[in-house]
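Coordinate inspection notes
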Amino acid sequence: MLSMSICQEVLARALAKGGTFAEIFFEDSRNFSMMLRSGRIENAATSRPRGAGIRVYDGLRSIYVYTCDVSRAGLLRTAERAAAAVTDTKGSGRDVVLHERVTPNAHRIERPVLSVPADERAQILRAADSAARAVSPSISQVNAGFLSREQHVLIANSEGLYTQDTRVYTRLTCSAVASSGAENQTGSENPGAMMGFELFRDRVDPEAVGRTAAKSAVTMLTAPYCSAGEMPIVIAGAFGGVIFHEACGHSLEATSVEPGMSEFAGKLGQQIAAPCVTAIDDGTMPNEWGSLNIDDEGTPTGRLVLIENGILKNYMIDRLNGLKMGMAPTGSGRRESYAYAPTSRMRNTFIAAGQDDEEEMIRTMGDGLYAAKMGGGSVNPATGEFNFAVQEGYLVKDGKIASPVRGASLIGKGSEILMRIDRVGREMTMGQGMCGSKSGSVPTNVGQPTIRVSRLTVGGK
Amino acid sequence: MEMNVETFAARVFEAAEQAGIAPAEICFGSSESFTARTRAGALEDYQVSDRVSLTLRGKVGGRIGTASTQALDEESIGLLISGVKESASLIETDEQDEILPPDAHYETVCNYSEALDAVPAQEKIALAMDIDRRMQACDARVKPDSSVVRSAKETFCMKNTLGLDLTHTSNLIYAYASALAKEGESAATGFKLLWGYGMDAVDAQAVAEGCQEDALCQLGAGRMKSGKTAVVIRGGTMADLLSTFSGVFSADNAQKGLSLLDGREGEAIASECVTLTDDPLMPWGLGSSPFDREGAACRTKNVIEGGVLRTLLHNRKTAKKAGVETTGNAAGGGRVAPSNFFIAPGSQTKDELLAKMGDGLYLTDVSGLHAGANPISGDFSLLSRGFEVKDGKIVRPVEQFTVAGNFYQLLKDVAAVGSDLIFEGSPIGSPSVLVSALSVAGE
C-alpha cells in the first residue's frame, strides 16, 4: 500500500496547476477463477490486478488518469499528466495534509479463498456439476465457475482523507444445458456474497445450485414458446428484482439524473410508483454481494430510501454529480477498478416487503404470466424503455399456474411498470448480479418480494 | 521495487526454469488510451491511461498452468510461479493447450498509424468540442447528451522458451455523439459513431449530423402489430446479432455441446446467399493481427460459403481434437474467437432490399442482447426500434416491440444480402439483410 507521505506528494503534484480537488485510488487485488466444463476442470488462474487512478476536478470537469506504474516516480508522472489538463489555474500550488481514518469493517471474513487448499475449492465445482447431471439424462453440459476476488483499496484526497478497505467476494456460477439433440435450453444459478470460503458453509449449497440450474433447463426444454401480448404478470422474488434494478434503479442514479437523461429527473417528492411500492438501496447489509464499508470515493455507505409508499425520496449520488446537483453524496460512488473514474451506482437495491399474500395474487390474476425466474435485462434510462428475458415462465390460466413457457420477454417503460404494481408480497429475497455501466462492472444485489403488475407487454412468438 | 518489462520477463523465465516449469511462455500486453468527453459546450471528462498485463503459461507435470499480474515487482514473480503450479495441478482436461515453437511464416498486416500516434491531445479535445458545438446548433427538439473522442494504442508481445518472439501493435481513433430528441410525448435517443486511423476518418459534421438524424427520424414512433413479418435488418444491427451469436461458430463451444454446429461441416446451415468470412489479415481491420493468442499464424477463411458450413473456428486444442489444422483463432484462456468477422456483401442496395420486401419492417436497432438472446439455444427476443415499410417505402418509425426468432433459423431465412457492409466500431460487420420472417410482438 502507498504511504501517507507519497500520497501527500502525489496529490499536491496533481493540484500544482490548479484544480479544486484531487484524489488517488490505489488498488492491489488477488483474483482466483476456475471453470469446470464437461465434468472436468478446464482452467484455473490467479491474477493480480494492480494500479492507481488519479482524479482532479477542474471546476466541474473531471480529469482522470490511471496507470499500472505505482512507483513514486510513476505516480508523480501520472499526477503531472492530470495537472497538465487543468484549465482553471486559480489556487494552484496547494499543500495537502492527510489524516488516517480507519474504516470499520462490517463484513467479517473467516476463510480467505486463497488460504483454502486448491482441491477443496475444486470440490465445490464437482459437487455442483454432479448434482446438475443427476437431475435428468437430458442435461448435456454443465458449466460451473468459481470466482473470488480480494480487493485491497487505498483512497486519499485533498480534503485530508487517507483510508483503506478490503473487499472480499466469493461466487459460484452454474449454468446447465438441457438438450433434445435438435434443441438446447439453459438454466443458471449464480449465488455470491461478500464472504470468503465460508460462503459454502453458511449460505450456499453447491449441490442445490446445480440442481436448481438443471431443473430450470429441463423444464424449459419441453416448454412451448410463450405467445405475445399484453397481460398481467406475477414476478417472483430474488433475481426478479432485476426488473426494478433495470427499469427504475438506473434512472435514479445521478449519472442519468444530473444531465437530465432520466425520466425521473426533477421528480423528487412526486409520486412515481403505486402507493404499495417502497424501494431501498442499502450498502450496509452484512456480507451481502452489493455491500461496501466505504464507497470507491471513501464515503461511508448507508441505507438510502429511494421510493417511500410511491413517493420519490432520494437519488443515488456520487461526489462529482453531488457538486453539480448541489446535493450530498450518498455513498454510491463506485467503480470496477482503478481503470474507471467512479460514478453513482446501485449497491443492494430492492423493493421492500409489503402486505400481500402470494397465493392470492395468482388466484385473482385471471389469465397471465408467472415469471418464476428472470434472466438479465437492459434499459435506456433516457426513455425508460426496458427489456427483460424471462428465464423460467409459466402461463397462468384462470388463476392457476398451467404450463411452462419459454422465450418470453417483458417490455415496457420504467415509469409505467412502477405505477402498475398492484400487489407486493411479504417476503423479500435477493439475487446477485454484475451491473455494467459507465464506471465498469460492479457487484450488485437485486431483490423484491413476489409482486404483481396489472399489465405488461410480453414478447414471445 | 518496480522493474521494466524486459528485466521482469527475464527474471520470470529464470524463476520458471528453476521451478521446473518448462516450456514457459510470457504474453505481455500494454495499452494506452485517451478520452475526451464534452457536454453542453464544455469539456466534461478527460481521461488518459497506460496499462500493462503479463501472463505466464508453463508446463508442470504434463499440464499447462496460467497466472497473470499487472504489477511488475518481486512479489509478482513468486505469485506467477506458485499460480502456474497451482493452476496446472487443478486442470483435469485430457486435451492440452500447448506451448510451441513459432510457425514457419507470418503474414504482415497493418492496423497501426504512426501519424495518429503523433496527434496531440489538444487536437482531439478540439474535435470533441467541435462535434459538441455542431450538436448544440441543431434542431430545437434535440437535446445533445455527450460527444466523445477516444484514441487507443495496444501492443501485444509473446515470447517463449522454444524460440517464439512476436509483437503486434495497433491503434485507432473513434468519435461519437449521443442525443435525446423529444416532441410531445415522444422521445428517442440518437447515436452516431465513426472510427478510423486518422483525424480525417472522424469528421465532426458527419458525427453531429448522423446523431441528429438518428434521433429525429424516430420521433412520433407508433407501435407494430403483433405477428410474423418480413424484415430488412440494418447492417450494424445484423452485426450486433452476429456478434452475440458468434460463439456458435466456435469449435470449443461445439465440442462441448454449447453449439448446434458440431460435426456439421459440409452441410447447408444457411441460405445460399450467405457467405461468412473471418479475415484476420484485412488491411486496417479492427481485429487484424498476424498471429493469434497461441502464436499461430492467422489466415483468412470462409466459415460459411454459399450457405454451406466450411469450418468452425479453431485453436490448437480444438483442432487437434477434431483432427484438423488450427484456424488461428485462439483468443487466450483456451477460448476461440473470430477476428474481422463479416457476412460478405451482395449486390443490392438497402433500398432495393426494401423494395424486394414490399411490406414489412426495417429493423434498425435492438437492445438488451446480453439478456434477450441465448447464445446456446439461438433463441432471441429483443426490444427493438425500426420503421414500418409499405410497398418498399418507409412509412413511419415504430418502437416498443420485440423481435423474436432463432439465430440458426435466421441464417436459413436470409432471402437477400445487401451491398452496404459496415463495421460500426467493431471487428464484426454485416451488410443489410432481408429475412423472410421474424415474429414481432407489439400491440
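Thresholds, definitions, all that
Residues numbered from 1 in each chain as written. Chains lettered and ligands numbered in written order. Predicted model: local features only at pLDDT ≥ 70, side-chain atom pairs only at ≥ 80, totals over all residues. Helix = DSSP H or I, 4+ residues; strand = E, 2+ residues; numbered from the N terminus. Rg over C-alpha atoms; globule rule 2.2 N^0.38 Å. Buried ≥ 20, exposed ≤ 12 C-beta atoms within 10 Å, placed from the backbone. Contact = placed C-beta atoms within 7 Å. Domains from an automatic or database assignment. Nonpolar A, V, L, I, M, F, W, Y, C, P; charged D, E, K, R; others polar. Pairing = 2+ DSSP bridges. Axes fitted to C-alpha atoms, helices over the stretch in contact; angles between N-to-C directions. Parallel < 35°, antiparallel > 145°, perpendicular 65-115°, else oblique. Left-handed = near helix turned anticlockwise from the far one by under 90°. Expected span 1.5 Å × (residues − 1). Core = buried A, V, L, I, M, F, W, Y, C linked by C-beta atoms within 7 Å. Arc of directions from axis to C-beta.

Our focus in this paragraph is the overall build of chain B. When helices and strands are counted, chain B shows eleven helices and 19 strands. Taken over C-alpha atoms, the radius of gyration comes to 24 Å for chain B, in line with the 22 Å a tight globule of 443 residues would show. Projected onto its principal axes, the C-alpha coordinates of chain B cover approximately 70 × 55 × 35 Å. Taking all 443 residues of chain B together, 53% fall into the buried category. Considering only contacts in chain B between residues 6 or more positions apart, those separated by 24 or more positions represent 70%.

To continue, consider the overall build of chain A. A tally of regular secondary structure across chain A gives ten helices and 24 strands. Relative to the 2.2 N^0.38 estimate, which gives 23 Å for 461 residues, the radius of gyration of chain A is 24 Å and therefore close to what a compact globule would have. C-alpha atoms of chain A, sized along the principal axes, occupy 75 × 55 × 35 Å. Taking all 461 residues of chain A together, 62% fall into the buried category. For chain A, the share of sequence-separated contacts (at least 6 apart) that also reach a separation of at least 24 residues comes to 75%.

Residue and element names in this part refer to chain B. Parsing chain B into structural domains produces domain 1 (114-153 + 171-216) and domain 2 (221-443). Taking only C-alpha atoms, the centre of domain 1 and the centre of domain 2 are 27 Å apart. Counting residues at the interface gives seven residues for domain 1, matched by five residues for domain 2. If you list the elements that add at least two residues to the side of domain 1 that touches domain 2, you get β5 (165-183) and β6 (186-196). A per-class count over the side of domain 1 that touches domain 2 returns six nonpolar, one polar and no charged.

It is worth spelling out the interface of chain A and chain B at this point. Chain A puts 62 residues into the contact, and the matching count from chain B is 57 residues. With nine residues, the top contributor of residues to the side of chain A that touches chain B is strand β2 (residues 40-48) of chain A. Here the residues of the side of chain A that touches chain B sort into 23 nonpolar, 28 polar and eleven charged. Here β2 of chain A pairs with strand β3 (residues 63-69) of chain B via four bridges, running parallel. Among the inter-strand pairings, Ser47 of chain A is bridged to a residue of β3 of chain B, identified as Ser68 of chain B.

What follows deals with unusual backbone geometry. Following Ala22 of chain B, the chain continues to Pro23 of chain B via a peptide bond in cis, the omega torsion being -5°. Mapped onto the secondary structure, Pro23 of chain B falls in the loop between α1 (5-18) and β1 (24-39). Even without glycine at this site, Asp398 of chain A takes up a positive phi of about 55°. You can see Asp398 of chain A is positioned in the loop between β18 (385-397) and β19 (400-405). Asp398 of chain A gets classed as exposed once you count the C-beta atoms within 10 Å, which come to 9.

As a further point, take the sheet that holds strand β13 (residues 341-343) of chain B. Strand order in this open sheet of five strands is β10-β9-β8-β13-β18 (chain B), and the pairing throughout is mixed. Two strands bound the open sheet, and with one partner strand each, they are β10 (308-309) and β18 (428-429) of chain B.

So, about the pairing of strand β8 (residues 184-189) of chain A. Looking along a regular strand, one sees side chains alternate from face to face of the sheet. Residues and elements named next belong to chain A. Where burial is concerned, most of β8 is hidden: six out of the six residues are buried. A two-sided burial pattern is seen for β8, the buried positions comprising Asn184, Thr186 and Ser188 on one face and Gln185, Gly187 and Glu189 on the other. One ladder, built from six bridges, connects strand β7 (residues 161-179) with β8; its direction is antiparallel. Paired with Ser179 across the two strands is Asn184, which belongs to β8. Here β7 folds back onto β8 in antiparallel fashion, the turn holding four residues, of which Gly181 has a positive phi close to 100°.

For the rest of this paragraph, the subject is the pairing of β2 of chain A. Burial of β2 of chain A is extensive: eight of the nine residues sit out of reach of the surface. Where strand β1 (residues 21-37) of chain A folds back on β2 of chain A, the antiparallel hairpin that results is connected by two residues, among which Ser38 of chain A adopts a positive phi of roughly 50°.

As a further point, take the packing of α1 of chain B against helix α2 (residues 74-90) of chain B. Residue and element names in this part refer to chain B. It is at 10 Å that the axes of α1 and α2 come closest, and there the two elements cross at 40°. Relative to α2, the element α1 lies oblique. Crossing hand, α1 versus α2: right-handed. For the pair α1 and α2, contact is made by Arg11, Val12, Ala15 and Ala16 and by Ile77, Leu80 and Ile81, respectively. Residues that form the contact of α1 with α2 fall into these classes: six nonpolar, no polar and one charged.

Moving on to helix α3 (residues 118-133) of chain A. All names here are of chain A. A rise of 1.5 Å per residue sets the reference length of α3, with its 16 residues, at 22 Å; its end C-alpha atoms lie 23 Å apart and thus fit the reference within 8%. Listed in full, the buried residues belonging to α3 are Arg121, Ile124, Leu125, Ala128, Asp129, Ala131 and Ala132. Where α3 is buried, its residues meet β1, β2, β6 (139-157), β7, α4 (199-202) and α5 (206-221).

Residues and elements named next belong to chain A. In spatial order, the strands read β13-β12-β11-β16-β23-β22; together these six strands make up an open sheet with mixed pairing. Each edge of the sheet is formed by a strand with only one pairing partner; in this case those strands are β13 (311-312) and β22 (429-437). With four bridges joining them, strand β11 (residues 279-282) and strand β12 (residues 303-308) adopt antiparallel strand pairing. Within β12, the position partnered with Asp282 by the bridge is Arg303.

Moving on to the nonpolar core. Among the nonpolar cores identified, the biggest contains 195 residues, and Ala14, Ile54 and Val56 of chain A are the most heavily contacted of them. Both domain 1 (114-153 + 171-216) and domain 2 (221-443) of chain B contribute no fewer than three residues apiece to this core. Those residues in contact with Ala14 of chain A, other than ones at most four positions away along the chain, are Ala22, Ile54, Val56, Ala79, Ala82 and Ala83 of chain A. In terms of nonpolar packing, the next biggest core, distinct from the first, is built from 63 residues, Met34, Val142, Ala144 and Leu199 of chain A among them.

Residue and element names in this part refer to chain A. Considering the arrangement of structural elements, one finds Pro300 in the loop between β11 and β12. Take Pro300: there are 16 C-beta atoms within 10 Å of it, and that puts it in the partly exposed class. Once the C-alpha coordinates of Pro300 and Ile6 are considered, the two residues, 294 residues apart in sequence, prove to be 24 Å apart. The contact partners of Pro300, leaving out residues within four places of it in the chain, are Ile294 and Gly331.

Further remarks concern the packing of helix α1 (residues 4-14) of chain A against helix α2 (residues 72-83) of chain A. Packed helix pairs are characterised by how far apart their axes lie and by the angle those axes make with each other. Residue and element names in this part refer to chain A. Where α1 meets α2, the axes come as close as 7 Å, and the angle between the chain directions of the two elements is 25°. Here α1 lies roughly parallel to α2, going by the angle between them. In the packing of α1 onto α2, the handedness of the crossing is right-handed. Only Arg72, Leu75, Leu76, Ala79, Glu80, Ala82 and Ala83 of α2 make contact with α1, whose side of the interface consists of Ile6, Val10, Arg13 and Ala14. Its residues assigned to classes, the contact of α1 with α2 comprises eight nonpolar, no polar and three charged.

Turning next to the environment of Asn302 of chain B. Residue and element names in this part refer to chain B. Within the element layout of this structure, Asn302 appears in strand β9 (residues 301-305). Of the residues examined, Asn302 has 16 C-beta atoms within 10 Å and is grouped as partly exposed. Put simply, Asn302 and Asp279 are 23 residues apart on the chain and 8.4 Å apart in space, counted from C-alpha to C-alpha. When near neighbours in sequence (up to four residues on either side) are disregarded, Asn302 contacts Thr275, Leu276, Thr277 and Arg310.

A separate point is helix α4 (residues 121-136) of chain B. Residue and element names in this part refer to chain B. If you check α4, its first and last C-alpha atoms are 23 Å apart, about what 16 residues at 1.5 Å a residue would give, namely 22 Å. Turning to α4, its buried residues number three or more, namely Lys124, Leu127, Ala128, Ile131, Asp132, Arg134 and Met135. Seen from one end, α4 has its buried residues packed into an arc of 165°, which puts them on one side. Turned more than 90 degrees off the buried face of α4, the exposed positions are Gln122 and Glu123. In the core, the buried residues of α4 are packed alongside β1, β4 (142-160), β5 and α5 (204-216).

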